[in-house]
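Coordinates in review
Residue-level listing of the chains:
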Amino acid sequence: MNLPQFDLEAGRAFEQASQTGSTAPLQLFLKRWGVFVAIERDPVRAARLHEAERISQDATAGEAAFRAAMAQINGILREAEQEIVD
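Residues numbered from 1 in each chain as written. Predicted model: local features only at pLDDT ≥ 70, side-chain atom pairs only at ≥ 80, totals over all residues. Heavy atoms only, no water.

1. Description of the overall build of the protein
Under the convention used in this document: Put simply, DSSP H or I for four residues or longer makes a helix, DSSP E for two residues or longer makes a strand, and each gets a number counted from the N terminus. C-alpha atoms define the radius of gyration, and 2.2 Å times the number of residues to the power 0.38 defines the globule rule. Buried, partly exposed and exposed residues are distinguished by accessible area as a fraction of the type maximum, computed with a 1.4 Å probe on protein chains only: under 20%, between the cut-offs, and over 50%, respectively. Contacts are residue-level and defined by heavy atoms, with any inter-residue pair within 4.5 Å sufficient. To measure how exposed things are, a 1.4 Å probe is used in the Shrake-Rupley method; for residues, cover is taken only from the protein chains shown.
Looking only at helices and strands, the protein has four helices and zero strands in total. Starting at the N terminus and ending at the C terminus, the protein contains elements arranged as α-α-α-α. For 86 residues, the compact-globule formula gives about 12 Å, and the C-alpha radius of gyration of the protein, at 15 Å, lies well above that figure. Reported as C-alpha extents along the three principal axes, the dimensions of the protein are approximately 45 × 30 × 20 Å. Evaluated residue by residue, the protein yields a buried proportion of 23% over its 86 residues. Residue pairs in contact within the protein that sit at least 24 positions apart in sequence constitute 50% of those at least 6 positions apart. A total accessible area of about 6000 Å² is found for the protein, and carbon and sulfur atoms account for 58% of it.

Given below as structure tokens:
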């Protein structure tokens, strides 16, 4: 993700919030990007996530590798979510 993607998603969230009269789209946007920042500010964690994502998309990796990669992805996302909540 990058700045143009951030701007696009922010615009969509504000538009949806305006149309619905709800802050839920803004809250979801902030959570999504908060998790992204929490992950990317730690280069080691970001590298682990990107490697696990690569493995999870590799059709030759095998079932055990896929499951391990998905478990690592889920763990990293949970950890980052917890950081932005605290």
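Now that the structure has been shown, we can carry on.
2. Some details on the pattern of salt bridges
Which entries qualify depends on this criterion: We define a salt bridge as a contact between a side-chain nitrogen of Lys or Arg and a carboxyl oxygen of Asp or Glu at a distance within 4 Å.
A complete count under the given rule lists eight salt bridges for this structure. Notably, a salt bridge pairs Glu63 with Arg67, separated by 2.8 Å at the nearest N-O pair. Of the two residues, Glu63 and Arg67 are both situated in helix α4 (residues 63–85); the distance of four residues between them amounts to about one turn of the helix. Given the relative accessible area of 49%, Glu63 is considered partly exposed. The structure contains a network of salt bridges with shared partners spanning Arg41, Arg45, Glu79 and Glu83.

3. A word on the environment of Ala80
Counting through the fold element by element, Ala80 comes out in helix α4. A residue is classified by how much of its surface remains accessible, and Ala80, at 0% relative accessible area, is buried. In contact with Ala80, other than residues within four places in its own chain, are Val35, Ala38, Ile39 and Arg45.

4. Here's the deal with the environment of Phe29
Tracing the sequence through the fold places Phe29 in helix α2 (residues 24–40). Once the C-alpha coordinates of Phe29 and Asn74 are considered, the two residues, 45 residues apart in sequence, prove to be 19 Å apart. Once residues within four sequence positions are removed from consideration, Phe29 is found in contact with Phe6, Glu9, Ala10 and Ala13.

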